[in-house]
Amino acid sequence: MSPLQDKKLRIAILGQPSLIIPSPPSHSVARIIELQIKGLQEQGHEVILLAPGDCRVDCEVIPTCDKSISFHEDADLIQTQQIQSQALSKLEEILEHVNIVHFHSFDIPNFYHTTGILNPLNFPNITTSHSCIEISNLGYFNQCTNKIVSLSYNQRKACPNLNFIGNVYNGLDPTPFQVVETPSNYLCFLGRISSVKQPHLAIQLAIQLGLNLKIAGAVDSLFDKEYFEYYCKPLLKHPLVEYLGELGMRDKIQLLSHAICNLHPTGFRDPCPLVPIEAAYCGTPTLAICRGALPELLEHGKTGILVEDFAEGFYEIHKCFQMDRLYIAQQARKRFNYQKMVKEYLSIYRRVISNFMRMPANNAHAPDRRELISFDARLFAAGDGHRYSVPRT
């Protein structure tokens, strides 16, 4: 058994300047980080979050800026880089007091090469990439040297040369999601109203089927507003279609749980979308275009139907209406929950830490491995929940 097995860890988590906790229902990355913190603490581990100062979460927060930058606004690039550089400087101050650093879509090697701050070879760290890998950013990813945790095996295919060290599916808390075995007679679409989500295809399908459709989601960026005005707004005049805007969590669960089928006409390689998982928590099957992680999230023919396009979906959707909704809910709650997600991250943490301890020092600036081991021994011995103080600026 590994000497790190069952030992309590101190984990630093660093998110982007757009991170906000408590997280709105539409902020998928923030929801995952929030539940990751919850799950780690439930296992007795200690978490330090480096994030915007307006984050409110039950762990120590080291502010990287006063408040979060809107994810959907065109944030000033120089300001964003300044915030990220400040975050790394603050992280550097606490490195000797943590066992591992978990970056969420934060490119530490790139910052090291451009600023000289924090050589990632000198401390245990991993990065979860929540980004969609496309041809437009392939040059960036091909130069990336991070230890990457993928969110699906499909995500890896877009850039197989990355240093993948594990795969962890997103997991949420299924507890608030009610299972409805006898749904109402409507279809639903939930998600950001944008060209990559393609809700206009869901509207067109519902109209062709003669079924009611309820759509919920925000229209955020200028580009999304142009898409909404041209592709969606004219179709919303149809009596079968109801646009609900952006919903809070309670209304969102109500929408998903009573739908006969969730429509997911994705137009991009989504690494691990949350809506099909949330729908499945309620027992609601999903009809999805077969892209990205969808074949890994849906059990074709049992928890959903995968199609090439919604023309095919027109002829296949009836199979969703006949599915065992209790089976769908049970499978989703078993496969995709935050406790399972945290357990898998912990396994990766321990493997990365163990490998790091066996490595020789990389350069004169690398921390003394003996000091790290000495600190780890003190920390792991603190099984009574004792918290060591962390220096603050």
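Below, the structure is looked at part by part. (Residues numbered from 1 in each chain as written. Predicted model: local features only at pLDDT ≥ 70, side-chain atom pairs only at ≥ 80, totals over all residues. Heavy atoms only, no water.)

Considering the environment of Pro63
- Here Pro63 shows up in strand 3 (residues 60–63).
- Judged by its relative accessible area of 31%, Pro63 is partly exposed.
- Put simply, Pro63 and Leu50 are 13 residues apart on the chain and 5.9 Å apart in space, counted from C-alpha to C-alpha. (Helix = DSSP H or I, 4+ residues; strand = E, 2+ residues; numbered from the N terminus. Buried < 20%, exposed > 50% of the residue type's maximum accessible area, 1.4 Å probe, protein only.)

Brief notes about the side chain of Asn125
- Its location among the elements puts Asn125 in strand 5 (residues 125–128).
- From its side chain, Asn125 meets the backbone oxygen of Phe123 in a polar contact 2.8 Å long. (Polar contact = N/O pair within 3.5 Å; in protein donor to acceptor, adjacent residues only side chain to side chain.)

Comments concerning the sheet that holds strand 10 (residues 241–243)
- Read across the open sheet, the six strands follow the order 10-9-8-11-12-13; overall the sheet is parallel. Two strands close off the open sheet at either side, each with one partner strand: strand 10 and strand 13 (304–307). On average, each strand axis in the sheet is inclined to that of its neighbour by 20°, with strand direction left out of account.
- Pairing of strand 12 (residues 286–289) with strand 13, which is carried by four bridges, proceeds in the parallel orientation. The residue bridging Ile289 from the neighbouring strand is Val307, located in strand 13.
- Those strands touched by helix 8 (residues 249–258) are strand 8 (186–190), strand 9 (212–216) and strand 11 (261–264), and its axis lies near 135° from that of strand 8. (Pairing = 2+ DSSP bridges. Axes fitted to C-alpha atoms, helices over the stretch in contact; angles between N-to-C directions. Contact = heavy atoms within 4.5 Å.)

A few points about the packing of aromatic side chains
- Counted according to the given criterion, the structure contains eight aromatic pairs.
- With 5.7 Å between their ring centres and 45° between their planes, Phe228 and Tyr243 make a pair best called tilted. You can see Phe228 sitting in helix 7 (residues 222–232) and its partner Tyr243 sitting in strand 10, a full 15 residues away along the chain.
- Under the relative-accessibility criterion, Tyr243 is labelled partly exposed at 31%.
- When the centroid spacing of 4.9 Å and the interplanar angle of 75° are considered together, the rings of Tyr230 and Tyr231 count as edge-to-face. (Phe/Tyr/Trp six-rings, centres within 6.5 Å; stacked < 30°, edge-to-face > 60°.)

Some words on the packing of helix 6 (residues 199–209) against helix 7
- Direction vectors running N to C along helix 6 and helix 7 enclose 20°, while the axes themselves pass 10 Å from each other. In terms of orientation, helix 6 and helix 7 fall into the roughly parallel class. Handedness of the helix 6/helix 7 crossing: right-handed. Of the residues in helix 7, those in contact with Pro199, His200 and Ile203 of helix 6 are Tyr227, Tyr231 and Cys232.
- Class assignment for the residues of the contact of helix 6 with helix 7 results in five nonpolar, one polar and no charged. (Parallel < 35°, antiparallel > 145°, perpendicular 65-115°, else oblique. Left-handed = near helix turned anticlockwise from the far one by under 90°. Nonpolar A, V, L, I, M, F, W, Y, C, P; charged D, E, K, R; others polar.)

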